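This is what each chain is made of:
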Amino acid sequence: METLVPVHPGLPLLGNSLSVARDPLGMFTKLHRQYGRIVRISIGGRNQYMVFQPEDVKYVLQENNRNYVRSPAFMVLKRFLGEGLLTSDGDFWRKQRRLAQPAFHRQKISLLAETMVQESAAWVNELRHLNLSRPVNISQSLMDVTMYIVCKTLFSTNVEGRLTGLSHSLETLNVLANRTLLSPIKIPRSWPTPNNIRYNRSRAQVDGLIYEFIHTRKQSGERLDDLLDMLMNAVDEETGEGMSEQQLRDECVTIFTAGHETTAVSMAWLIYLLALHPDVLARLRAEADAVLGNVPNGGKSPGLDSLPPVAAFRSMPYALQVVQEALRLYPPAWAMSRMALNDDQIGPYRIPKGDTVVVSPYLLHHDPANWPDPDRFDPDRFAEGRDKDRPAYAYLPFGGGPRLCIGNQFALMEMQILLTFFIRAFDFDLVNAASIRPKPLITLRPNHPIQVKLSARG
Ligand code: HEM
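These numbers were taken from a predicted model, which means no experiment stands behind them. (Residues numbered from 1 in each chain as written. Predicted model: local features only at pLDDT ≥ 70, side-chain atom pairs only at ≥ 80, totals over all residues. Heavy atoms only, no water.)

Bringing the pattern of salt bridges into the picture now. Pairing is possible between side chains that carry opposite charge, provided their charged atoms lie close to one another. Following the criterion strictly, the structure yields 22 salt bridges and no others. The salt bridge partner of Asp 207 is Arg 203, with a shortest N-O separation of 3.6 Å. Placement of the pair is Asp 207 and Arg 203 together in helix α9 (residues 194–220), with a separation of four residues, close to one helical turn. When its relative accessible area of 23% is taken as the criterion, Arg 203 is described as partly exposed. A single network of salt bridges, built from pairs that share partners, joins Arg 203, Asp 207, Arg 249 and Asp 250. (Salt bridge = Lys/Arg side-chain N within 4 Å of Asp/Glu carboxyl O. Helix = DSSP H or I, 4+ residues; strand = E, 2+ residues; numbered from the N terminus. Buried < 20%, exposed > 50% of the residue type's maximum accessible area, 1.4 Å probe, protein only.)

Okay, structure coming up:
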């Protein structure tokens, strides 16, 4: 039996674009409350089916994933990322994913985590040397350190001292991509508008860095055990050919961008939450002290000998819970969308071929049906055994099904390590707590950079 999908009323031509652009989280939350399971809205002239229930999300992302490909919204990302892992589809994507996957195996992550430990120690050490009587823009600092980490671990490249302007370029690309996504009017890329000029300049800066990684490695002829080596030396089984320079660029830019910005934003939220919850912070420190000893080894000396072994970070379950809970409240990938390749049926509802299905981890993570008192920061929600109380797809900061984030274990490890170094090295207070709100761009960022007042501990 087919049931008609409820349609949320909108304006002629513009549909629901304006209300979504004005306040996406507020609008989505309202739609969820009003319709409960599914609703059709229209954004940018396209029909979008929002599905709110974990079982339906599981159906789209996992059970019938072959019917759902990247939606037209991904064109905005494609413009910058090209045909990389995040934006490609079908057999091509499958082949590329198979190629990249070994770089993210668990044993591999343990090796990369040694670099994460060194970089985290160096990071807190650098922070200690700042003038701590002034507030520190921790959002920016995290963007830099996560960028070093992704470059060192996956491209074996040191970008220290060469980041001037790069974060700003990425921010520009994020803001402009978001604007294009929500605007009902599409301006051709070739027009020399101020936004197109800013976009091209920012993109050229990121490309410059990535091509430098590729060319330096090619010229050196060096073989290293990293992702860049794997991508550069991959050979197509059928044609016997390697990746084109453009393809290499697309994969590297994708990993570089997806591999640091989300982690940096999540860490900034995490520090914000901890500053507001001293009880959680105290428990975290107690756990870290029990595992690492209570001399705050916050990186006074970044020498390897004095650094904790990677295994220690795997024996801190509470730190992992805290990270998971921060990703619940503020999932960087707050909405994801897919296009139906063929007509489909979600429960009794028909989804026509070519229309878009939208899934929002933010809404799923704030649904009181699965998360009592959903706005409260409570890492015990992730204590052992507690997940049996909720459906699997009630929590998906890293997506689900075959398109699950390839870097999820990398990111969780990195966040635990950065977090542990930071809380052991510093006491911290928020400078601008009252004005902080989530701002949903392509990723869910704080509306202002998080500023903290640091004082060195121990
Ligand atoms: C807290 C950090 C992170 C979060 C919240 C996050 C979230 C996500 C989500 C939700 C997706 C799926 C998007 C979709 O299905 O539409 C995704 C895909 C992806 N992520 Fe992450 N990510 C994080 C860190 C990383 C890291 C560290 C890397 C690489 C080093 C990475 C690389 C990728 C790639 C390449 C994809 C595309 C995978 C595919 O479709 O095969 N991410 N990420």
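The environment of the ligand is made up of 28 residues, and the closest members are Trp 93, Arg 97, Arg 338, Arg 403 and Cys 405. Within the side chain of Arg 97, one N or O atom sits 2.8 Å away from an oxygen atom of the ligand. Arg 338 is positioned such that a nitrogen or oxygen atom in its side chain is 2.7 Å from an oxygen atom of the ligand. If you list the elements that add at least two residues to the shell around the ligand, you get α5 (90–100), α11 (245–258), α12 (261–276), β5 (336–340) and α17 (408–425). Examining the composition of the shell around the ligand, we find that three residues originate from one element, α12, more than from any other. For the shell around the ligand, the residue count by class is 18 nonpolar, six polar and four charged. Looking at which domains feed residues into the shell around the ligand, each of domain 1 (1–82 + 334–376) and domain 2 (83–333 + 397–456) gives three or more. (Near = heavy atom within 4 Å. Polar contact = N/O pair within 3.5 Å; in protein donor to acceptor, adjacent residues only side chain to side chain. Nonpolar A, V, L, I, M, F, W, Y, C, P; charged D, E, K, R; others polar. Domains from an automatic or database assignment.)

For the iron atom of the ligand, the sole protein-derived donor is Cys 405 (SG), lying 2.3 Å away. Relative to the elements of secondary structure, Cys 405 occurs in the loop between α16 (361–365) and α17. (Donors = N, O, S within 2.8 Å, 3.2 Å for Na, K, Ca; no water.)

Further remarks concern the packing of helix α13 (residues 278–292) against helix α15 (residues 317–329). Following both chains from N to C, one finds α13 and α15 inclined at 145 degrees, their axes separated by 8 Å at the closest point. For the pair α13 and α15, the contacting residues are Val 280, Arg 283, Leu 284 and Glu 287 in the first and Pro 317, Tyr 318, Ala 319 and Val 322 in the second. For the contact of α13 with α15, the class distribution of residues is six nonpolar, no polar and two charged. (Axes fitted to C-alpha atoms, helices over the stretch in contact; angles between N-to-C directions. Contact = heavy atoms within 4.5 Å.)

Moving on to the nonpolar core. Generally speaking, nonpolar side chains in soluble globular proteins are found buried as a group. One finds Ile 138, Phe 256 and Leu 274 to be the most contacted residues of the largest nonpolar core, which totals 121 residues. Per-element tally for this core: the top contributor is α17, with twelve residues. Lining this core are residues from two domains, each supplying at least three of them: domain 1 (1–82 + 334–376) and domain 2 (83–333 + 397–456). The contacts of Phe 256, once residues within four sequence positions are left out, are Met 147, Val 150, Cys 151, Phe 155, Leu 166, Leu 170, Val 206, Leu 209 and Ile 210. Among the nonpolar cores identified, the runner-up in size contains 18 residues, and Ala 340, Ile 346, Val 359 and Leu 364 belong to it. (Core = buried A, V, L, I, M, F, W, Y, C linked by side-chain atoms within 4.5 Å.)

Chain-level statistics for the chain give a pLDDT mean of 90 and a share of 96% at 70 or above. Here residues 297–304 is modelled with pLDDT under 50, and outside its nearest four sequence neighbours on either side it reaches 24 contacts, counting other chains as well. (pLDDT = per-residue confidence, 0-100.)

Within this structure, the stated rule accounts for 13 aromatic pairs. Between Phe 28 and Trp 334, the aromatic rings sit 5.8 Å apart at their centres with planes inclined by 40 degrees, giving tilted as the arrangement. Of the two residues, Phe 28 sits in helix α2 (residues 24–35) while Trp 334 sits in the loop between α15 and β5, which places them 306 residues apart along the sequence. Judged by relative accessible area, which is 5%, Phe 28 ranks as buried. You can call Trp 334 buried: its relative accessible area is 9%. When the ring of Tyr 272 is compared with that of Tyr 330, the centres are 6.5 Å apart and the planes differ by 75 degrees; the resulting orientation is edge-to-face. In this pair, Tyr 272 sits in helix α12 while Tyr 330 sits in the loop between α15 and β5, placing the two residues 58 residues apart along the sequence. Like Tyr 330, Tyr 272 is buried. Over the aromatic face of Tyr 199 sits the side chain of Arg 79, whose NZ or CZ is 3.7 Å from the ring centroid. Over the ring of Phe 382 we find Arg 390; its NZ or CZ atom is 5.0 Å from the centre of that ring. (Phe/Tyr/Trp six-rings, centres within 6.5 Å; stacked < 30°, edge-to-face > 60°. Lys NZ or Arg CZ within 6 Å of the ring centre and 35° of its normal.)

Quick look at α11 now. Taking 1.5 Å of rise per residue, the 14 residues of α11 would be expected to cover 20 Å, and the 20 Å separating its terminal C-alpha atoms lies within 8% of that figure. A large share of α11 lies buried, amounting to eleven of its 14 residues. (Expected span 1.5 Å × (residues − 1).)

This part covers empty space enclosed by the protein. Vacant regions in the atomic arrangement are exposed by a probe of water-molecule size rolled over the atoms. As enumerated under the stated definition, the model contains two cavities of 30 Å³ or more in all. Its volume calculated, the largest cavity comes out at about 40 Å³. Residue lining of the largest cavity: Leu 85, Gln 96, Ala 100, Leu 227, Leu 231, Glu 251 and Ile 255, and that is the complete set. (1 Å grid on protein atoms, 1.4 Å probe; cavity = no way out; pocket = protein on both sides within 12 Å on 5 of 7 lines; lining within 4 Å. Points joined across faces, edges and corners; volume = space filled by probe spheres on them.)

Spatially, β4-β12-β9 is the arrangement adopted by the three strands of the open sheet, whose pairing is antiparallel. Each edge of the sheet is formed by a strand with only one pairing partner; in this case those strands are β4 (136–137) and β9 (426–430). Summarising the sheet, β4 and strand β12 (residues 451–456) pair through two bridges and their orientation is antiparallel. Bridge pairing in β12 places Asn 137 opposite Gln 451. (Pairing = 2+ DSSP bridges.)

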